[in-house]
Amino acid sequence: MPERGVEVLSRALIGCDVRAALAIAVVLLSDAGIEGASVDARRLLVHVLGARPLDLISAPDRTLTTSEAKSYANALLRRQSCEPVSRIIGVRGFFGRDFIITPATLDPRPETETLIETALAWVDANGGREREINILDIGTGSGVILVTLLAELPNANGVGIDLSAQALAVAQMNATLHGVDGHARWIEGRTFGEETGPFDLVVSNPPYIPSADIARLDADVRLYDPALALDGGADGLLIYREIATGIAATMPSGAVIVEVGAGQAPDVAYLLQSAWSKGGCSEARLVRDLGGIERCVAIATLF
Ligand SMILES: C[S@@+](CC[C@H](N)C(=O)[O-])C[C@H]1O[C@@H](n2cnc3c(N)ncnc32)[C@H](O)[C@@H]1O
C-alpha cells in the first residue's frame, strides 16, 4: 500500500466523526467502482474501531483518533484495490460462525454452504447424529467445511488434509476457536495422503478452475486467493480424478460429497460413479446452490 496515499487520506480522516468518515469512505469506494461501497465502508469502520455495527448508528458523533484514521485509510485503500473486505479484516462468516482466513487460505464462499447442508441431510437421513462418524475433508484450507461439520455433529471425528502447511495451521486455529480441536486431525498431504480410512463421509471443495482460465478471473479472486486453491489442472477435474481413485480403497460404504464449478457436475458425477460402482453406490445426486447452479455432486451407498 503506497505510504503517501495512506498518509494523505488519514490526514483527511483525523478528527472526523463517524458520519463524516463514512461519507468520505463511500465516495472513495464508489469512485473506484466498488459495488456495495456503503456496506463495505461500514464493515471496515466497525473493524477499525473494534465496535459493533449498531455503534455506528448510536454514536455517529464519535471522532476518529489519529491511529484509527490511519488504520481506516489503510483499509480503504486496500479495498479500493479490489481486496475483499474479508481479506482485509482476516475473518469470513460461514454457516453462522466466523472463521480466520489468511493469504494461505481460500476465502470461503457462501456457495460452499450447499455442501454443508447436503452433508447434514445425509447424516440425518442415516441416523448419523447418534453414531460416531468419521469424516475426511480433502483440501481443507481454512478448515471451514470440517470445522463446521464437527461443530454441527458432536459425535463426529474428522481428518482435514491439505498440501499447504500454512493453511493447516489456520484450520487448527479455527478448530480451537470453535471448540472442536479434540475431534480433528490435520494432515499435510496430497488428496488422501497416507489415510486409509475407513471413512463414513468424504467431503471436498477442491481447486476446480481450469489452469488457463485463472488469468481471466476477477481481480478479487485472482490476486488474493492462493493459486494452489484455484488451479484444478488442464480441465479443472484433476483432483476429482484423484478422489475417484481413492474412494474405492477407503470407502466400503458411506457418502462422498464434493463441490464443483459451474458446468462440471455431470463429468464429476460420471467420474465418481464409475470409480465406486463396485461398492454398490447410489446414482449421483446433483445439488443446486441458491443461484440455481449445480454446485455439489453427492454419491452414497446408503441414501
Ligand atoms: C478451493 S480450496 C478449498 C478450501 C476450503 N475447503 C474451503 O472450502 O474454503 C482448495 C484447497 O485444496 C488444497 N489443495 C490443492 N490441491 C490439493 C491436493 N491435491 N490435495 C490436498 N489439498 C489440495 C489447497 O491448498 C486449498 O487449501
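In the block above lies the structure referred to throughout.
Residues numbered from 1 in each chain as written. Predicted model: local features only at pLDDT ≥ 70, side-chain atom pairs only at ≥ 80, totals over all residues. Heavy atoms only, no water.

Looking at this structure, how should I read the overall build of the protein?
Secondary structure assignment for the protein yields 13 helices and 9 strands. In terms of C-alpha radius of gyration, the protein reaches 22 Å, essentially the compact-globule figure of 19 Å for 303 residues. Residues counted as buried form 49% of the 303 residues belonging to the protein. Within the protein, contacts between residues at least 6 apart in sequence are counted, and of these 66% link residues at least 24 apart. Roughly 13,700 Å² of accessible area belongs to the protein as shown, and the carbon and sulfur atoms make up 54% of that amount. Each charge class in the protein can be summarised by its mean position, and for the 25 positive and 38 negative side chains these summaries are 4 Å apart. (Helix = DSSP H or I, 4+ residues; strand = E, 2+ residues; numbered from the N terminus. Rg over C-alpha atoms; globule rule 2.2 N^0.38 Å. Buried < 20%, exposed > 50% of the residue type's maximum accessible area, 1.4 Å probe, protein only. Contact = heavy atoms within 4.5 Å. Areas by Shrake-Rupley, 256 points an atom, 1.4 Å probe, with all protein chains shown as cover. Lys, Arg positive; Asp, Glu negative; His and termini not counted. Charge placed at Lys NZ, Arg CZ, Asp CG, Glu CD.)

What's the story with unusual backbone geometry in this structure? I'm lost.
For residues that are not glycine, phi is negative in most cases, and the peptide bond is trans in most cases. Following Gly197, the chain continues into Pro198 via a peptide bond in cis, with omega recorded as 0 degrees. The residue Pro198 is located in the loop between strand S5 (184-188) and strand S6 (201-204) in this model. In the Ramachandran plot, Phe95 falls in the positive-phi region, its phi being about 50 degrees despite a non-glycine side chain. Considering the arrangement of structural elements, one finds Phe95 in the loop between strand S1 (91-94) and strand S2 (97-100). Phi at Thr191 is positive, roughly 55 degrees, even though this residue is not glycine. Looking at the element boundaries, Thr191 is found in the loop between S5 and S6.

What's the story with the environment of Leu286 in this structure? I'm lost.
With respect to the element layout, Leu286 can be found in strand S8 (residues 285-288). Relative accessible area serves as the criterion here: at 35%, Leu286 is assigned to the partly exposed category. In the structure, Leu286 is positioned 13 residues away from Ile299 in sequence and 9.0 Å away in space, judged by C-alpha atoms. Residue contacts for Leu286: discarding those within four places in its chain leaves Ala265, Ala269, Glu294, Cys296 and Val297.

Honestly, the pattern of salt bridges in this entry has me stumped. Any pointers?
Any two side chains of opposite charge can pair if their charged atoms end up close together. As enumerated under the stated definition, the model contains 17 salt bridges in all. Put simply, Asp61 and Arg19 hold a salt bridge, and the shortest N to O gap is 3.6 Å. Of this pair, Asp61 sits in the loop between helix H4 (53-58) and helix H5 (66-80) while Arg19 sits in helix H2 (residues 18-31), and the two are 42 residues apart along the sequence. Of the charged contacts in the structure, one is a salt bridge between Arg52 and Asp55, with a shortest N-O distance of 2.9 Å. One network of salt bridges, with partners in common, ties together Asp17, Arg19 and Asp61. (Salt bridge = Lys/Arg side-chain N within 4 Å of Asp/Glu carboxyl O.)

Help me understand the packing of aromatic side chains, please; the structure alone is not making it clear to me.
Any aromatic ring pair is given by two values, namely how distant the centres are and how the planes are angled relative to each other. The full count for this structure, using the stated rule, is 1 aromatic pair. Taking the centre distance of 6.3 Å and the plane angle of 80 degrees together, the rings of Phe94 and Phe99 count as edge-to-face. Residue classification places Phe94 among the buried positions, given a relative accessible area of 1%. The class for Phe99 is buried, based on a relative accessible area of 0%. (Phe/Tyr/Trp six-rings, centres within 6.5 Å; stacked < 30°, edge-to-face > 60°.)

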